[in-house]
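Notes for the structure review
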Amino acid sequence: MALQAASLLPSAISICKEGKSNASFKETSPFGVSVSHLKAEFNPHPVKSKKFKRKLSVKPMVAQIATATPETNQAAPETKKTLRKGNVIITGASSGLGLATAKVLVETEKWHVIMACRNFLKAERAAKSAGIAKDNYTIMHLDLASLDSVRQFVDSVRLSGRPLDVLVCNAAVYLPTAKEPTFTAEGFELSVGTNHLGHFLLSRLLLDELKKSDYPFKRVIIVGSITGNTNTLAGNVPPKANLGDLRGLAGGLNGINGSPMIDGGDFDGAKAYKDSKVCNMLTMQEFHRRYHEETGITFASLYPGCIATTGLFREHIPLFRLLFPPFQKYITKGYVSEEEAGKRLAQVVSDPSLTKSGVYWSWNKNSASFENQLSQEASNPEKARKVWEISEKLVGLA
Ligand code: LMG
Ligand code: NDP
Ligand code: PMR
């Protein structure tokens, strides 16, 4: 059946961007996108840094991560011996991508990871079983589905006295089979409440801490997704992301006075997740516009690839969980292991050459990063501004 399904697929790809064919995309996926409004998720122009390119052609990820800080030191030789470890907060580091990223960063011996997790014991067990050395991580409690918890977490970070250099907003929930919405402590629909509003408040409140950092670079990174981008095939699998005129968000997503969905429609868990990812990607661009110049902080989002084996799909039906990994591995070829995805996110955290702000990173088949194009909605500045303004009211910042 799998082979039958595969044989239904177009055998060649002819994605053209302004008339130019894209060989790397051809290699990467057997999926054809013949609809003209769909744009490739792949870009023929990799990262511009020459140093970066050269390394990639030799040994893609590992080499880059391992050499990340020495490069920084070369730029500032006087600090070579004294440069402290970077401190990075990773939300949802108790499993999947977050845990894999923590492991990669710790193994470089250049980073101390603050694992911001809702389940302390699970996080501790996860760190142990991943072999992350005790001195290199700190677990701090954070439940993104409670704004009080977010505020308490930020207070604890401040009180810890540990400087903050990079914030990674990684945690998420995905509720594709839920028939009815569930809600955060403040009464927001759970997917958007956790994935977007929780991270929105967290990153706003931690901005002051980041500003104080004396590390050679400071970053806020958020994990976006291809499935929120309707300029790709994956983003066109129903239900599609669509924030509409934001009437549901403006109404508080509580399902009492209005709708639990951002666009004001009926509840759909898969759509709510994809909408939340659009908000994540919009938020980084709005951060960039408002704060990059003033603070020097890099704000970026990324799509790490389809990590089909993570806990993200825990609420999906067992048949889906069984078939999804082989489907992504052998049919779409969009699959990446947790380990590989962890290297990608770690690269965005620590590679000195990825300083560009306001961008969305993706990787091609050879694991070379490139700046990718977001869908029209996910790159709409007016929508980004409105999402920002409504969100700051909802989380009590305005
Ligand atoms: C919605 O459905 C749900 O309603 C919602 O609750 C939520 O889950 C949401 O996005 C999440 O999805 C989307 C629905 C509509 O998609 C499906 O139901 C398809 C589910 C199948 C997903 C992955 C498993 C596929 C298994 C394939 C075979 C196993 C492979 C083994 C590999 C071994 C290799 C040696 O989806 C659509 O409407 C599809 C629209 C997109 C059209 C694209 C056309 C391309 C066709 C490609 C076919 C690939 C195989 C499909 C087989 C499906 C059989 C279930
Ligand atoms: P996992 O489910 O493995 O990891 C999600 C993490 O988020 C878990 O550690 C989970 O904690 C945590 N989390 C969930 N809710 C909360 C909360 N209320 N407060 C604090 N932490 C919470 O999934 P992935 O690793 O796949 O997902 C990581 C990121 O990658 C997400 O942002 C997802 O959208 C994104 N992504 C994933 C893709 C994939 O293919 N898997 C593709 C594209 C993007 P706990 O362990 O306690 O459940
Ligand atoms: Mg998708 C190139 C094709 C591609 C890629 C890269 C993904 C990624 N998916 C692709 C294609 C398809 N998917 C096709 C053709 C189908 C219909 C059979 C399909 C279906 C599908 C479902 C039902 N895909 C899914 C689901 C989910 O429930 C996942 C989801 O939407 O979660 C929000 C999912 C995903 N597909 C991906 C990725 C990365 C996901 C999940 C993770 C995420 O976006 O966070």
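So, here's what we can say about the structure. Note that the structure is predicted; figures quoted are calculated from it, not measured. (Residues numbered from 1 in each chain as written. Chains lettered and ligands numbered in written order. Predicted model: local features only at pLDDT ≥ 70, side-chain atom pairs only at ≥ 80, totals over all residues. Heavy atoms only, no water.)

For the protein chain, the count of helices and strands is 14 helices and ten strands. Out of the 398 residues belonging to the protein chain, those deemed buried represent 55%. The long-range share in the protein chain, meaning contacts at least 24 apart out of those at least 6 apart in sequence, stands at 73%. With the model as given, the accessible surface of the protein chain reaches about 17900 Å², and the carbon-plus-sulfur share is 54%. (Helix = DSSP H or I, 4+ residues; strand = E, 2+ residues; numbered from the N terminus. Buried < 20%, exposed > 50% of the residue type's maximum accessible area, 1.4 Å probe, protein only. Contact = heavy atoms within 4.5 Å. Areas by Shrake-Rupley, 256 points an atom, 1.4 Å probe, with all protein chains shown as cover.)

In this model, Pro-238 is joined to Pro-239 through a cis peptide bond whose omega is -5°. Here Glu-109, not a glycine, exhibits a phi torsion of approximately 65°, which is positive. The exposure class of Glu-109 is exposed, given its relative accessible area of 61%.

Turning our eyes to something else, we now look at the site of ligand 2. Surveying the vicinity of ligand 2 reveals 30 residues, the closest of which are Ser-94, Lys-122, Asn-170, Tyr-273 and Thr-310. Here an oxygen atom of ligand 2 and a side-chain polar atom of Lys-122 are 2.6 Å apart. The separation between an oxygen atom of ligand 2 and a polar main-chain atom of Ala-172 is 3.3 Å. Here ligand 2, which alone exposes 900 Å², has 98% of that area covered by the protein. Broken down by class, the residue content of the shell around ligand 2 amounts to 14 nonpolar, eleven polar and five charged. (Near = heavy atom within 4 Å. Polar contact = N/O pair within 3.5 Å; in protein donor to acceptor, adjacent residues only side chain to side chain. Nonpolar A, V, L, I, M, F, W, Y, C, P; charged D, E, K, R; others polar.)

Bringing the packing of aromatic side chains into the picture now. Enumeration over the complete set of coordinates arrives at 13 aromatic pairs. Look at Trp-111 and Phe-217: their rings are 6.2 Å apart centre to centre, the planes differ by 40°, and that puts the pair in the tilted class. With a gap of 106 residues between them, Trp-111 in strand 4 (residues 111-117) and Phe-217 in the loop between helix 9 (190-212) and strand 7 (219-223) connect regions that are remote in the sequence. Each ring, one from Tyr-174 and one from Phe-313, has its centre 6.1 Å from the other, and the planes form 90°; the classification is edge-to-face. Here the residue Tyr-174 occupies a position in the loop between strand 6 (166-169) and helix 9, and Phe-313 occupies one in the loop between strand 8 (298-302) and helix 12 (318-332), the gap between them amounting to 139 residues. Residue classification places Phe-313 among the buried positions, given a relative accessible area of 10%. The rings of Tyr-174, Tyr-273, Phe-313, Phe-320 and Phe-324 are connected pair by pair, giving a single aromatic cluster. (Phe/Tyr/Trp six-rings, centres within 6.5 Å; stacked < 30°, edge-to-face > 60°.)

Scanning all chains against the criterion turns up 21 salt bridges. Between Glu-107 and Lys-103 there is a salt bridge; the shortest N-O distance is 2.9 Å. Of this pair, Glu-107 and Lys-103 both sit in helix 6 (residues 96-107), four residues apart, roughly one helical turn. A residue is classified by how much of its surface remains accessible, and Glu-107, at 52% relative accessible area, is exposed. Measuring nitrogen to oxygen at the nearest pair gives 2.8 Å for the salt bridge that ties Arg-290 to Glu-286. In this pair, Arg-290 and Glu-286 both sit in helix 11 (residues 269-295), four residues apart, roughly one turn of the helix. On the accessibility criterion, Arg-290 (33% relative accessible area) is partly exposed. Assessed through its relative accessible area of 5%, Glu-286 is described here as buried. Shared partners join several salt bridges into a network, and the residues in it are Asp-155, Arg-158, Glu-209 and Lys-212. (Salt bridge = Lys/Arg side-chain N within 4 Å of Asp/Glu carboxyl O.)

Moving on to the sheet that holds strand 4. With mixed pairing, eight strands are arranged side by side in an open sheet as 5-4-3-6-7-8-9-10. At either end of the open sheet lies a strand with only one pairing partner, and these are strand 5 (137-141) and strand 10 (369-371). Direction aside, the axes of adjacent strands within the sheet are offset by 25° on average. Bridge analysis of strand 4 against strand 5 gives five bridges, and the strand direction is parallel. Within the sheet, the bridge partner assigned to Ile-114 lies in strand 5 and is Thr-138. Relative to the sheet, helix 7 (residues 120-129) contacts strand 4 and strand 5, its axis offset from that of strand 5 by approximately 165°. Strand contacts of helix 13 (residues 338-350): strand 3 (86-91), strand 4, strand 6, strand 7, strand 8, strand 9 (359-363) and strand 10, with the helix running at about 155° to strand 7, the strand carrying the most contacts. (Pairing = 2+ DSSP bridges. Axes fitted to C-alpha atoms, helices over the stretch in contact; angles between N-to-C directions.)

Within soluble globular proteins, side chains that are nonpolar tend to cluster in buried spots. If you look at the biggest cluster of nonpolar residues, it comprises 59 residues, and the most contacted ones within it are Ile-89, Phe-153, Leu-202 and Leu-206. Excluding anything up to four places from it in sequence, Phe-153 contacts Ile-89, Ala-116, Met-140, His-141, Leu-142, Leu-202 and Leu-206. Listed in part, the 39 residues of the second largest apolar core include Ala-123, Tyr-137, Phe-217 and Trp-363. (Core = buried A, V, L, I, M, F, W, Y, C linked by side-chain atoms within 4.5 Å.)

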